[in-house]
Amino acid sequence: MIVCKFGGTSVQDAPAIDRVTAIMQRRLPEQPIVVVSALALVTDELFALASDTERGQPRQVHRALERLLERHRAVATTLKVTSVVPAIEGGIEAIRLRLDAAAGRALTPEERDWLVGHGELWSARLVAAALAAAGLPACWIDARKLIITDQRFGRATPDTATINGRAQAELAPLLASGSVPVVQGFVGATPEGRPTTLGRGGSDFTAALLGAALGARRVEIWTDVDGIMTADPRIVPEARTLPSATYDEAAELATFGAKLYEIGRASCRERV
Ligand code: ADP
Ligand code: ASP
Ligand code: MG
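Remember, it's a predicted structure, so these values are computed and weren't measured experimentally.

1. Things to note about unusual backbone geometry
And then number 1: A positive phi angle is found at Q31, which is not glycine, with a value near 55 degrees.
And then number 2: Assignment of secondary structure puts Q31 in the loop between α1 (14-27) and β2 (32-36).
And then number 3: Using a relative accessible area of 35% as the deciding quantity, one classes Q31 as partly exposed.
And then number 4: Positive phi, close to 60 degrees, is recorded for K80, a residue that is not glycine.
And then number 5: By the secondary structure assignment, K80 is in the loop between α3 (58-78) and α4 (85-102).
And then number 6: Residue class for K80 comes out exposed when judged on its relative accessible area of 71%.

Structure, rendered in structure tokens:
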């Protein structure tokens, strides 16, 4: 089996999700699991909701929630998967109620994790429905059942032994029956089911954890650049794509600030 992780820009709108579907159609013979980030910028917007709530600005919160709902609804409509809209509306309403009740006070780290994990919840439902609409046997599997962590909200540490067991129990039978599980990145839960997150950019880590748990042949990290580059191209315009990199080289680049995270048994970065 393999794991294919798609970052925020790779699922940012309906055309991007259509490209994901085309990629996954080609990957089907390799028993793929799909891990997705939130639609581009959604996590930032959810963090901004927390700040606006703490500053006691409910009107700003309501307007931002309306925009988030409209964006996801528009993607669902274009992709012809409006069956996911009620679940997204339910999440938006739950956020509104909780943030209204918290207006003017600091959110707890646990409340914040619950809030900011919604982006992946929505994107995973959208991508699973889009794959299914294209005829792939896809199903959304909630990462909170798989990625078990400690209680360090905001940057939780995964319990790899438990994750390995859960992944084997929940995902292996699905893969064996030909299904394509679609899992939220970034999000986990404590053993009691309290939602946590793995820290910003944590979806790559989710992909690596699931790849390691299931002995994946490959973990593919799909993003908006062609591969691992000699430096961050946003800072160093003349950065070049490396034809290959050893784990040590990748780790060294990451140490010096390249945005490379935990890497599974094998990984690559490709453009969607
Ligand atoms: P995603 O949303 O797909 O997870 P990220 O924004 O987290 O994507 O990471 C992709 C970005 O990482 C690229 O657009 C690129 O600007 C930046 N980046 C930084 N360092 C590197 C590097 N060494 N090689 C490739 N991309 C890098
Ligand atoms: N959506 C989360 C973030 O923006 C996780 C990720 O994209 O990897 O940090
Ligand atoms: Mg990222």
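We are not done yet, so read on.
2. Comments concerning the environment of A76
And then number 1: If you trace the backbone, A76 turns up in helix α3.
And then number 2: What makes A76 buried here is its relative accessible area of 0%.
And then number 3: Between the C-alpha atom of A76 and that of I221, which follows or precedes it by 145 residues, the distance is 24 Å.
And then number 4: Ignoring anything within four residues of it in the chain, the contact list for A76 reads V81, T82, V84, V85 and L126.

3. Concerning the confidence of the model for the protein chain
And then number 1: When the pLDDT values of the protein chain are averaged, the result is 93; 94% of them are 70 or greater.
And then number 2: Taken as a whole, residues 261-268 scores under 50 in pLDDT and shows 22 contacts with residues more than four places along the chain or in a different chain.

4. Overview of the site of ligand 1
And then number 1: Ligand 1 sits among 17 residues. The nearest are K5, T223, D224, M229 and R234.
And then number 2: At a separation of 2.9 Å, a nitrogen atom of ligand 1 approaches a polar backbone atom of M229.
And then number 3: Of the residues that constitute the shell around ligand 1, the class distribution is seven nonpolar, four polar and six charged.

5. So, the nonpolar core
And then number 1: One finds F6, L49 and L115 to be the most contacted residues of the largest nonpolar core, which totals 52 residues.
And then number 2: No other element matches helix α6 (residues 118-133), which puts eight residues into this core.

6. Quick notes on the site of ligand 2
And then number 1: By nearness alone, every residue bordering ligand 2 is listed as S37, T43, E120, F186, R200, G201, G202 and S203.
And then number 2: A distance of 3.0 Å separates an oxygen atom of ligand 2 from a polar backbone atom of S203.
And then number 3: In the complex, the protein chains occlude 86% of the 260 Å² of accessible area that ligand 2 would expose alone.
And then number 4: Looking at side-chain class alone, the shell around ligand 2 contains one nonpolar, five polar and two charged residues.

7. Describing the pairing of β2
And then number 1: Of all five residues in β2, five are buried, a share of seventy percent or more.
And then number 2: Neither face of β2 is exposed, since P32, V34 and V36 on one face and I33 and V35 on the opposite face are all buried.
And then number 3: When strand β1 (residues 2-6) meets β2, the two strands line up parallel, connected through five bridges. Of the residues in β2, the one forming a bridge with C4 is V34.
And then number 4: Each parallel crossover has a hand, and for β1 linked through α1 to β2 it is right-handed.
And then number 5: As paired strands, β2 and strand β4 (residues 180-184) are joined by three bridges and run parallel to one another. Across the sheet, the residue bridging to V34 is V182, located in β4.

Thresholds, definitions, all that
Residues numbered from 1 in each chain as written. Chains lettered and ligands numbered in written order. Predicted model: local features only at pLDDT ≥ 70, side-chain atom pairs only at ≥ 80, totals over all residues. Heavy atoms only, no water. Helix = DSSP H or I, 4+ residues; strand = E, 2+ residues; numbered from the N terminus. Buried < 20%, exposed > 50% of the residue type's maximum accessible area, 1.4 Å probe, protein only. Contact = heavy atoms within 4.5 Å. pLDDT = per-residue confidence, 0-100. Near = heavy atom within 4 Å. Polar contact = N/O pair within 3.5 Å; in protein donor to acceptor, adjacent residues only side chain to side chain. Nonpolar A, V, L, I, M, F, W, Y, C, P; charged D, E, K, R; others polar. Core = buried A, V, L, I, M, F, W, Y, C linked by side-chain atoms within 4.5 Å. Areas by Shrake-Rupley, 256 points an atom, 1.4 Å probe, with all protein chains shown as cover. Pairing = 2+ DSSP bridges. Right-handed = clockwise from strand over helix to strand, strands pointing away.

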